[in-house]
Amino acid sequence: MYKTIVIGTGPAGLTAAIYLARANLSPLVIEGLQPGGQLTTTTEVENFPGFPEGILGPDLMENMRKQAERFGAQFKNGWVESVDFSQRPFRVKVDGLGELEAESVIISTGASARYLGIPGEQENVGRGVSTCATCDGFFFRGKKIIVVGGGDSAMEEASFLTRFASSVTLVHRREELRASKIMQDRARENSKVTWALNRTPLAVTVGETGVKGLTVRNNETGLEELVEADGVFVAIGHTPNTGFLGGQITTDANGYIVVNPGTTETNIPGVFACGDVQDTRYRQAISAAGTGCMAAMDAEKYLEGTMVHDWSESLDK
Ligand code: NAP
């Protein structure tokens, strides 16, 4: 039986593993299908403190993994199929590893950015297609950018990207935006933002020197058009990876784990959540790492028997 099982190996899970290992709790860390998480799909990371020249996403994750291993974290590869939090010890069923038992569990399975699923998209991720304006906007200084989506994320990213881009075209499949009025207004007031509404994305179009733009269907005329740009930012939402929990952990309407504010406690004492799986707001590597540290310290306290679990105020909100 393990003292703690950490599920997920993005910055949150690996930071939790470093802290747990250094506290002599020998955590077992389960790596899923994408060890290292979302950062392994990016190139240069320039905003993670401590790397003045930047660091490649996969290198950063490899470093974190080595750091956790150095202090005794154990890694196993497998897909967590289900969990049973109704009894103690907790049970975690992993494809290929069977049923594992743990006194505490840290969930750091992240969220996956949603993609459009159109031709030219996946093969150009990191080469002109991105799902993270904060991470990649800087690479498009003085260039033309498209943001796809009609929600708050798209408005926020469009406004943010005007800091770098010569122009930002917002492409949305309907005439009406889903975004809140204040976010819409902010984007509309920005003279660098132009609008291509009622356009359904069909393909990321690539020329000899890279991404050329987005081929869309104009839903008014039914005709195909090319919206020209050097970069395409897809901002159509995220999906938290919480399906395997089988409804045992309280989530919000979008599936994100609800934690007791200011902590990583879930509704079940001994089960903690950190990183993007519980974060609808910041979604940064550094903020995920911060909550990973918090989860490890919360788990440590719980295992010592010194944690006061008080959900009385937060759960009903
Ligand atoms: P969202 O509200 O779900 O919006 C997703 C947008 O993408 C929608 O406009 C949707 O179009 C479009 N879309 C979805 N699938 C598509 C597809 N296959 N092809 C083309 N377009 C597609 O997601 P979000 O903007 O990421 O926001 C998620 C949550 O975070 C919201 O609650 C939001 O308020 C919150 N958030 C808040 C802030 C803030 O307050 N600062 C910032 C960001 C996010 P349709 O409208 O046609 O469905």
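Residues numbered from 1 in each chain as written. Predicted model: local features only at pLDDT ≥ 70, side-chain atom pairs only at ≥ 80, totals over all residues. Heavy atoms only, no water.

Visitor: I tried to follow the nonpolar core on my own but got confused; where do I start?
Guide: Nonpolar side chains in soluble globular proteins tend to end up buried together. In this structure, Leu20, Phe48, Leu60, Ala73 and Ile106 are the most contacted members of the largest nonpolar core, which totals 30 residues. Of the residues forming this core, the biggest block, 7 residues, is contributed by helix H1 (residues 11-22). Leaving out residues up to four positions away in the same chain, Phe48 has contacts with Leu60, Met64, Ala285, Ile286 and Ala289. Counting residues in each nonpolar core, the second largest holds 24 residues, with Phe85, Ala102, Val105 and Val277 among its members. (Core = buried A, V, L, I, M, F, W, Y, C linked by side-chain atoms within 4.5 Å. Buried < 20%, exposed > 50% of the residue type's maximum accessible area, 1.4 Å probe, protein only. Helix = DSSP H or I, 4+ residues; strand = E, 2+ residues; numbered from the N terminus. Contact = heavy atoms within 4.5 Å.)

Visitor: Got a minute to help me understand the packing of H1 against helix H2 (residues 57-70) in this structure?
Guide: Packing of H1 against H2 brings their axes to within 8 Å, and their N-to-C directions diverge by 20 degrees. In terms of their interaxial angle, H1 and H2 are classed as roughly parallel. Every pair of crossing elements has a handedness; the one defined by H1 and H2 is left-handed. In contact with Pro11, Leu14, Thr15, Ala17, Ile18 and Ala21 of H1, H2 contributes Met61, Met64, Arg65, Gln67 and Ala68. (Axes fitted to C-alpha atoms, helices over the stretch in contact; angles between N-to-C directions. Parallel < 35°, antiparallel > 145°, perpendicular 65-115°, else oblique. Left-handed = near helix turned anticlockwise from the far one by under 90°.)

Visitor: So what exactly am I meant to see when it comes to the state of the cysteines here?
Guide: Simply put, the disulfide is a covalent bond whose two ends are the sulfur atoms of two cysteines. Summed over all chains, the structure comprises 1 disulfide. Put simply, Cys132 and Cys135 are joined by a disulfide, and their sulfur atoms are 2.1 Å apart. With the S-S dihedral at roughly 75 degrees, the linkage between Cys132 and Cys135 falls on the right-handed side. Assessed through its relative accessible area of 25%, Cys135 is described here as partly exposed. The thiol of Cys274 is unpaired, and the distance to the nearest cysteine sulfur, on Cys293, comes to 9.9 Å. For Cys293, a relative accessible area of 15% translates into the label buried. (Disulfide = S-S within 2.5 Å.)

Visitor: So what exactly am I meant to see when it comes to the sheet that holds strand E14 (residues 199-207) here?
Guide: By way of backbone hydrogen bonds, the strands of a sheet pair with one another, either parallel or antiparallel. What the 3 strands build is an open sheet, ordered E14-E15-E16; its pairing is antiparallel. The outermost strands of the open sheet, each flanked by one partner alone, are E14 and strand E16 (224-228). Strand-to-strand twist in this sheet, taken as the mean axis angle between neighbours without regard to direction, amounts to 30 degrees. In this sheet, strand E15 (residues 210-218) lies alongside E14 in antiparallel orientation, the contact comprising 8 bridges. Within the sheet, the bridge partner assigned to Arg199 lies in E15 and is Asn218. (Pairing = 2+ DSSP bridges.)

Visitor: Before we go on, may I ask you to explain the domain arrangement of the protein in this structure?
Guide: Interface size, as often reported, equals the accessible area lost upon joining of the parts. Once the domains are mapped, the protein shows domain 1 (2-112 + 238-316) and domain 2 (115-234). Each of domain 1 and domain 2 has a C-alpha centre, and the two are 32 Å apart. Facing 7 residues of domain 1, the contacting portion of domain 2 comprises 6 residues. Regarding the contact of domain 1 and domain 2, the summed buried area is about 580 Å², with carbon and sulfur atoms giving 46% of it. Counting across the domain 1 and domain 2 interface gives 0 salt bridges. For the pair domain 1 and domain 2, the interface holds 0 residue pairs in polar contact (both at pLDDT 80 or more). (Domains from an automatic or database assignment. Buried area = accessible area lost by both parts, 1.4 Å probe. Salt bridge = Lys/Arg side-chain N within 4 Å of Asp/Glu carboxyl O. Polar contact = N/O pair within 3.5 Å; in protein donor to acceptor, adjacent residues only side chain to side chain.)

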